[in-house]
Amino acid sequence: MQLPTDLLPALVLFTGKLSAAQSLGRAWVPGPCRSPTEAQCNFLCDCGDCSDETQCGYNGALPGLGTSFTCDFEQDPCGWQDISTSGYSWVRDRAGAQPERPVAHTDHTRGTDLGWYMSVGAHRGMEASTAALRSPVLREAGPACELRLWYHAASGDVAGLQLELTHSAEALTLWQSSGPWGPGWQELAVTTGRIQGDFRVTFSATRNATHRGAVALDDVEFWDCGLPTPQATCPLSQHHCTNAACIEPHQLCDGEDNCGDGSDEDPLTCSHHTGTDFETGLGLWNHSEGPAWNLSTGGPKGSAWPHRDHSRNSAQGSFLVSTAKPGNPAILLSPQLQASGSRNCSLIFYHYLHGSKDARLELLLQMQGPGAPQAPALLRQRHGELGAAWVRDRVDIWSAHPFRILLAGETGPGGIVGLDDLILSDHCKIIPGDVTWAPLSPVPWPKAPHPQQSTLQGSCEAGQLACGDLCVPPEQLCDFQPHCAQGEDEHECGTTDFEAAAAGGWEDASVGRLQWGRQAAQESRGMGRAAAGYFLSLQRAWGQLRAEARALTPILGPSGPHCELHMAYYFHSHPRGFLALAVVDSSSRELVWQAPRSSSRDWRVDKVLLGAHHRPFRLELVALVDLEGPGQEGAGVDNVTMRDCSPTVTTEKDREVTCNFEWDTCGWHLGHLTDVHWRRVESHSSGYDHTTGQGFFMLLDPAEPPTRGYHAHLLTGPLVPAAPEQCLSFWFQLHGPQTGTLRLAMRRDSGEDVQLWSASGTHGNRWHQAWATLHHQLGPSSKYQLLFQGLRDGYDGIMALDDVTVRPGTCPAPWRCSFEDSACSFSSGGQGLWRRQTSTSGPAIPGPWADHTTETAQGHYMVVDTSPDMLPRGHVASLTSEEHWPLLHPACLTFWYHLSLRSPGTLKVRVEEGGWHQTLSISEHGGLAWHLGSMDVQAKQAWRVVFEAVAAGVENSYIALDDILLQDGPCPRPGSCDFESGLCGWSHLAWPGLGGYSWDWSSGATPSRYPRPPVDHTLGTAAGHFAFFETSVLGPGGRAAWLRSEPLLATEASCLRFWYHMGFPEHFYKGELRVLLVSAAGQLAVWVGGGRLRHQWLEAQVEVTSTQEFQIVFEATLGGQPVQGPIALDDIEYLPGQRCQWPALSPGEHWAVNVSVAAAVSGALLFLVLLVLLILAGWHWLQKGRGWPFRRSTDSAAPGFDNILFNADQVTLPAAVTSDP
């Protein structure tokens, strides 16, 4: 499960009172609306229906606490407009509408190909150009306003991205980047600061001759942007602004316009405060010796440099910055101060830490005078990455001695530490006169995780840890493998009981009203624990930005598959709140644990499986609790322990590749590269295992929310080969109308992945066996890993695995081969003339424009060049399979072949069983289509199949093969199928332009999440099988699904018979089943069936005529809005050369017959004439006051017409004119 940077606050709507200021900022004011100009797009729902906040770059759903004003682009662009001046421009789009290279494979909102986003597609021009997307006019952003959005840009594909805010005074660059960008959707969060009046936001992408410029944008959110609304009275202790808004007392004179009219920062109100905004210099503050704080203004001076100051929220505003190196900070000194009376002296300051994990800002107090401590006391420390934002903090000082405040800043390469708006309260009295004072160097507290001094006396390089005679480089710190004799390199790496000030390396990274901090147990309120020791506690803070509190470990890893985190935690939040643990890396944030809802105040112990992760990653504690609410709410963490995290930790179980998953996952573990994961689940009503039908199996549901990653991994640890060749067999299931791809790969020591097997799309609602031979190079250090990869290139269906087995030796020939990953152990005899190829990369041999499996130019097939210079006339090129196991029952061998337009010769298919041969010869003129070949096979001994191409000596000719399949039962006649063994020669591959959905195959008894008929027609039992399609998936993203026959020969008259089933709810006749004839001349609808006669099998027959080769297509579609219900087919029978016979209907039987177009049109015209006459008669009846002529009493049983559906170009008659049985 992915955890965005804001922890998806919608995950848990925090309805408690975070703070009065926040609640006021999101208030809904009932009553009459103000004038449209004032009320529109100001982040406040002034109208009851929030109509004043639509088309504002967001749409006006009334937000509550913990929510935002959001545009997800699902309905419309929310008022965003493209203002580009070239063909490189923004459009609203979705992946499902772009079958070839979409900008993003899924949107961010839904995580599927049906979701919408704004995108700018790849542009092939050579000139540099910019695509700009601009928001509508927005009004009055509050000081804590934050804009969050998600963007998708393939690294290297875009020259630059920029987010800009334009208002009357200037254009502010909120963010800009030239990459590199990580894979998938990336979150961007920026603060706008206080913006008075009207403004717009513009997101732009730049391309050039080397960058094609494909970018997508989704889920634009505005957080905490509304100003407080006027109130007649304010709650006790709050300040009533001049404009009648209410704010918290601490927001007075804090350097931000919280009221909205500036009255809280009025010079008269704040006359006793002393502020320094650095617009005219350092003011009362001075530099210490050594590196200095530099006065600067905003602008593009570097990727981490502040683009604007805090005081004026302007690029022309001034602030202080430090780029001092670690260990040699820049120090800023206050004048000598004295706290007046018994009141605290308070300092409000705004700081900026961005661009380096080593950035550090410390606030220290140096007391003076007789009896004062000599060492400076550390009052506040911030460390690490806080983002490109000015963060507020406040320190309250009480001292009987005069004192100075020291602000020390340092950072690592590329980082910036900034200061602005230092505000001393009215109880800070400046002592006049010059007092000589030499400051001491500040001592970091808590200490840095890894001290830099040792017996090596500074001979280690910067960033290295010195221990004994070793210099441990940064990449080996916290890698769960001790390198120092005493393990110093693993001391501050997350494991801690929080008794020491270093806190195990955990550091607070909060920027809002909550923070994490060490707290003594006796100081806590209401926690059921012994009053001794320290723990990490959720505390109040002075930040003004995001509400949730965050704490991070140092960089960790890599970790092994057994890595666990054990901890004690306290969490009490009523009614709502959250405490969670996330794993954070450079491009993603994954939620791995969340505390359950509880009203208990007791401590609990829990453990979290972290699993294998690549370095670098960090652990993050995130919490949101209303500390100001009733009930002593709070959260805390203690006794954190990382166990078995070394990647070298192995157990006997890690070598268990053979697994039925009944007790655990054996030696298989989950990959953590994305938020999509395999899960071990128990058999249930919609899924079952293969081992027993009631046990456990591994399941991947690509639609499981909120997954957005592209793939999920299930892999072993490093394994040592037990034999030069091993056979890996497994059972898999791919089921659903839009299922993704399942792959098997072997990862070698070098990191190379060798693809062994793959399958895409639905394979029906049953388990299939597959196998692959593992070829090893034996050696003392030779190791490998096995990897199952589930790709989310389908979003409605399941993938499942069970009963994985490995044994020595090679595997038998596979039952199914698509040639997508390999030649399936087929060997090309003689000169090796058969070759595996695609049509995209300039095929070495002429061949079809697309393969049969994927029907794209990227698909693979086997082909042989039968031109005379490659294969002389009469010569043979053979393609031989591996040995097949003996067959227990008769089977059907099917294959698809493609012959060139110029006759290439003869394709012979020979089954060899011992000394017995069975041969099929195909010799015909070629064409543009793949054709299906089949032959019955009965083999009681091991056997092989040999494909032989016998050349005819014709130039530029070829023979191609694809999709070889062995299935139980005899081969059906062309165009016919009872579906007991599968789909026969019928193809359910999603047809381009129809939405990417496929017909499926099942029985009534087999568990499935999709509704289907309870029994089939062939057997009349729940064990019988049929083809079906669940129409509820259709809608805006998919118009229809096709089930296509193999190509059939031209015919003057042939009969198509079939049984169909409509499973729609009562009164919902939305589904339609059509029969189409598709040929090179186009497509023709010859039969249409509605859903009036529901929940029963109905027979239909259609007389077919075609002057050229054609395919029969069953099209499942909708006649209205999506309604859950299946359309099913069974017992399709195609009788070439035979006209349909129309038997008389017996009582209780229903026939659906084809209606000619002429008859349908004539009937429609006649019906329309009658309908007009009836309407005129009815109107005449009403005029005379006689009531509606068709109104019936409740007892009336007069017969009438029913279920007559009018479409724009056709009339669909009911299946029978009699009433339902």
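Everything discussed here concerns the structure shown above.
Note that the coordinates shown come from a computational prediction; the quantities given were computed from them, not determined experimentally. (Residues numbered from 1 in each chain as written. Predicted model: local features only at pLDDT ≥ 70, side-chain atom pairs only at ≥ 80, totals over all residues. Heavy atoms only, no water.)

Draft legend 1. Fine view of the sheet that holds strand 46 (residues 753–760). Read from one edge to the other, the open sheet built from 5 strands follows the order 40-43-48-45-46, with strand pairing classed as antiparallel. Each edge of the open sheet carries a strand with a single partner, namely strand 40 (668–670) and strand 46. Ignoring strand direction, the axes of neighbouring strands in this sheet form an average angle of 20°. Bridge count between strand 40 and strand 43 (residues 711–716): 3 bridges; the pairing is antiparallel. In the sheet register, Trp668 faces strand 43, and the bridge partner there is Thr716. (Pairing = 2+ DSSP bridges. Helix = DSSP H or I, 4+ residues; strand = E, 2+ residues; numbered from the N terminus. Axes fitted to C-alpha atoms, helices over the stretch in contact; angles between N-to-C directions.)

Draft legend 2. Representation of the side chain of Gln519. In this structure, Gln519 sits in strand 31 (residues 514–520). With relative accessibility at 14%, the residue Gln519 sits in the buried group. Looking at Gln519, its side chain comes within polar contact range of the side chain of Ser537, at 2.6 Å. (Buried < 20%, exposed > 50% of the residue type's maximum accessible area, 1.4 Å probe, protein only. Polar contact = N/O pair within 3.5 Å; in protein donor to acceptor, adjacent residues only side chain to side chain.)

Draft legend 3. Expanded view of the packing of aromatic side chains. Tallying each qualifying case throughout the model produces 36 aromatic pairs. Seen from their ring centres, Phe43 and Phe199 are 6.5 Å apart, and the 25° between their planes marks the pair as stacked. Here Phe43 is found in the loop between helix 2 (36–39) and strand 1 (69–71), whereas its partner Phe199 is found in strand 11 (residues 195–207), with 156 residues between them in sequence. Across this residue pair, the class does not change: Phe43 and Phe199 are buried. Ring centres of Tyr861 and Trp930 lie 6.1 Å apart, and the angle between their planes is 65°; this geometry places the pair in the edge-to-face category. Of the two residues, Tyr861 is situated in strand 53 (residues 861–865) and Trp930 in the loop between strand 57 (916–922) and strand 58 (931–937); the sequence distance between them amounts to 69 residues. Both residues of the pair, Tyr861 and Trp930, belong to the buried class. One aromatic cluster is present, built from ring pairs that chain together Phe43, Tyr58, Phe69, Phe199 and Phe222. Against the face of Tyr534 rests Arg518, its NZ or CZ located 4.2 Å from the ring centre. In this structure, Arg680 packs its charged tip against the face of Phe696, placed 4.1 Å from the ring centre. (Phe/Tyr/Trp six-rings, centres within 6.5 Å; stacked < 30°, edge-to-face > 60°. Lys NZ or Arg CZ within 6 Å of the ring centre and 35° of its normal.)

Draft legend 4. Representation of the state of the cysteines. All chains considered together, the criterion is met by 18 disulfides. One disulfide bridge connects Cys253 with Cys270, the sulfur atoms lying 2.1 Å from each other. The disulfide joining Cys253 to Cys270 has a torsion of about -95° about its S-S bond and is therefore left-handed. In this pair, Cys253 sits in the loop between strand 14 (246–247) and strand 15 (274–276) while Cys270 sits in the loop between strand 14 and strand 15, placing the two residues 17 residues apart along the sequence. For the pair formed by Cys253 and Cys270, the shared burial category is buried. In this model, Cys478 is linked to Cys493 through a disulfide, with the two sulfur atoms separated by 2.0 Å. On the sign convention where negative is left-handed, the bridge of Cys478 and Cys493, at about -75° about the S-S bond, is left-handed. Residue Cys478 is located in the loop between strand 29 (470–472) and strand 30 (507–508), and its partner Cys493 is located in the loop between strand 29 and strand 30; the two are separated by 15 residues in the primary sequence. (Disulfide = S-S within 2.5 Å.)

Draft legend 5. Seen up close, the pairing of strand 39 (residues 634–643). Counting buried positions over the 10 residues of strand 39 gives 7, a clear majority of the element. Note: strand 34 (residues 564–572) against strand 39, 8 bridges, orientation antiparallel. Across the sheet, the residue bridging to Tyr569 is Val637, located in strand 39.

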